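A structural walkthrough
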Amino acid sequence: AAPVILVTGGARGIGKGISSYLLGCGYRVVMLDILREDGERLARDLAHLGDIRFIRADVADEDQVSSAINRIRNWFGYLNGVVNNAAIAEPYTGPLEFLALEDWQSYIDVNVTGTFLISRATIPLLQQSQGAIVNIASTRWLQSEPQSEAYAASKGAIVSFTHALAISLSGQVRVNCISPGWIAVDAVSENGHLKPVHLTETCHRQHPAGRVGRPDDIASMVKFLLSNESGFITGQNFVIDGGMTRKMVYE
Ligand code: NAD
């Protein structure tokens, strides 16, 4: 049977791109997201490409995570890979001195604790399948714009969580991390609908690779890191940013 991959935050943005890419490569895909309408619609829209299913769950909720993984166990009986992509992906929170504890906490809950809960719940299945985990961090693990401390801290935690878990699961489950730079995803407009972001020549030209990133730039690396082609790679963080973090920016 085709390998089964769980993609969290799979209903929109990069997670949606990863889900459809993996489906196109012949994987069975389970998307998990808090957005029921988007997730169910995407599963319907992509059903002609293969076996894709949606589970509505919050990665930061222990009970919801545990029942989601039980559903996967009942559906398939096995799981080959996990992509921890769900996050509060908006980096800006305003000045730190005005950041409410509950807002700080929500970044940590979703981005860090969510990655922990999903990983913990899926390890037994991944051990059985000699599977792999891919965590999605950000180049903000390494560099920052102002007023993004909570997001940056959460992404730094994911990079460290990755190497720690890779060592704990030595010989059983490979664990790697991708740090995307700027990847253009649809923005949510005032009426709640998704619309493509407008990218200018300046947006593209500043990147050494000559353009802003696309979800497939991340999805193809996810596929590689899930497959046996990367069987000698674990505990690593891969920066996919069009070269931006290699560029000198002194003014
Ligand atoms: P996005 O907001 O478009 O998508 C995030 C998805 O996660 C959404 O579908 C959302 O509903 C889901 N989600 C949020 N909270 C959740 C929760 N508690 N439980 C389950 N699902 C939840 O963001 P994106 O740009 O596609 O980002 C995807 C990942 O890539 C994130 O980890 C983000 O930090 C990272 N990233 C994105 C960029 C970029 O430029 N787009 C750059 C670096 C890193």
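Our structure is the block above this text.
Figured I'd write up the structure that's included with this text.

1. As for the overall build of the chain
When its secondary structure is counted, the chain shows seven helices and nine strands. Its C-alpha radius of gyration of 18 Å places the chain within 12% of the 18 Å reference for a compact globule of 251 residues. Taking all 251 residues of the chain together, the buried fraction comes to 43%. Pairs at least 24 residues apart make up 70% of the contacts formed inside the chain by residues separated by at least 6 positions. Per element, the accessible surface of the chain, about 12600 Å² overall, is 52% carbon and sulfur. Positive and negative side-chain charges in the chain, numbering 21 and 25 respectively, have mean positions lying 8 Å apart.

2. Considerations on helix 4 (residues 101-129)
When the terminal C-alpha atoms of helix 4 are compared, their 40 Å separation across 29 residues agrees well with the 42 Å that a helix rising 1.5 Å per residue should span. At Ile123, helix 4 shows its strongest bend, of approximately 50°, with the proline Pro124 following within four residues.

3. Looking at the pattern of salt bridges
If the charged atoms of two oppositely charged side chains come close together, the side chains can form a pair. Counted by the stated rule, this structure contains eight salt bridges. Note that Arg41 is salt-bridged to Glu37, the shortest N-O span being 3.6 Å. With Arg41 and Glu37 both in helix 2 (residues 36-46) and four residues apart, the pair spans about one turn of that helix. The class for Arg41 is partly exposed, based on a relative accessible area of 36%. Judged by its relative accessible area of 61%, Glu37 is exposed. Here Glu145 and Arg140 are joined by a salt bridge, their closest N and O atoms 2.7 Å apart. Note on Glu145: relative accessible area 42%, which makes it partly exposed. Classification of Arg140 as buried rests on a relative accessible area of 17%.

4. Some points on the packing of helix 3 (residues 62-76) against helix 4
Between helix 3 and helix 4, the shortest axis-to-axis distance is 9 Å and the interhelical angle comes to 30°. Classified by the angle their axes make, helix 3 and helix 4 are roughly parallel. For helix 3 against helix 4, the interelement crossing comes out right-handed. In this structure, helix 3 uses Glu62, Val65, Ile69 and Arg73 to contact helix 4, whose residues at the interface are Leu117, Ile118, Arg120, Ala121, Thr122 and Leu125. Across the contact of helix 3 with helix 4, the residue classes break down as six nonpolar, one polar and three charged.

Cut-offs used in this document
Residues numbered from 1 in each chain as written. Predicted model: local features only at pLDDT ≥ 70, side-chain atom pairs only at ≥ 80, totals over all residues. Heavy atoms only, no water. Helix = DSSP H or I, 4+ residues; strand = E, 2+ residues; numbered from the N terminus. Rg over C-alpha atoms; globule rule 2.2 N^0.38 Å. Buried < 20%, exposed > 50% of the residue type's maximum accessible area, 1.4 Å probe, protein only. Contact = heavy atoms within 4.5 Å. Areas by Shrake-Rupley, 256 points an atom, 1.4 Å probe, with all protein chains shown as cover. Lys, Arg positive; Asp, Glu negative; His and termini not counted. Charge placed at Lys NZ, Arg CZ, Asp CG, Glu CD. Expected span 1.5 Å × (residues − 1). Bend = angle between axes of the 7 residues up to and from the residue. Salt bridge = Lys/Arg side-chain N within 4 Å of Asp/Glu carboxyl O. Axes fitted to C-alpha atoms, helices over the stretch in contact; angles between N-to-C directions. Parallel < 35°, antiparallel > 145°, perpendicular 65-115°, else oblique. Left-handed = near helix turned anticlockwise from the far one by under 90°. Nonpolar A, V, L, I, M, F, W, Y, C, P; charged D, E, K, R; others polar.

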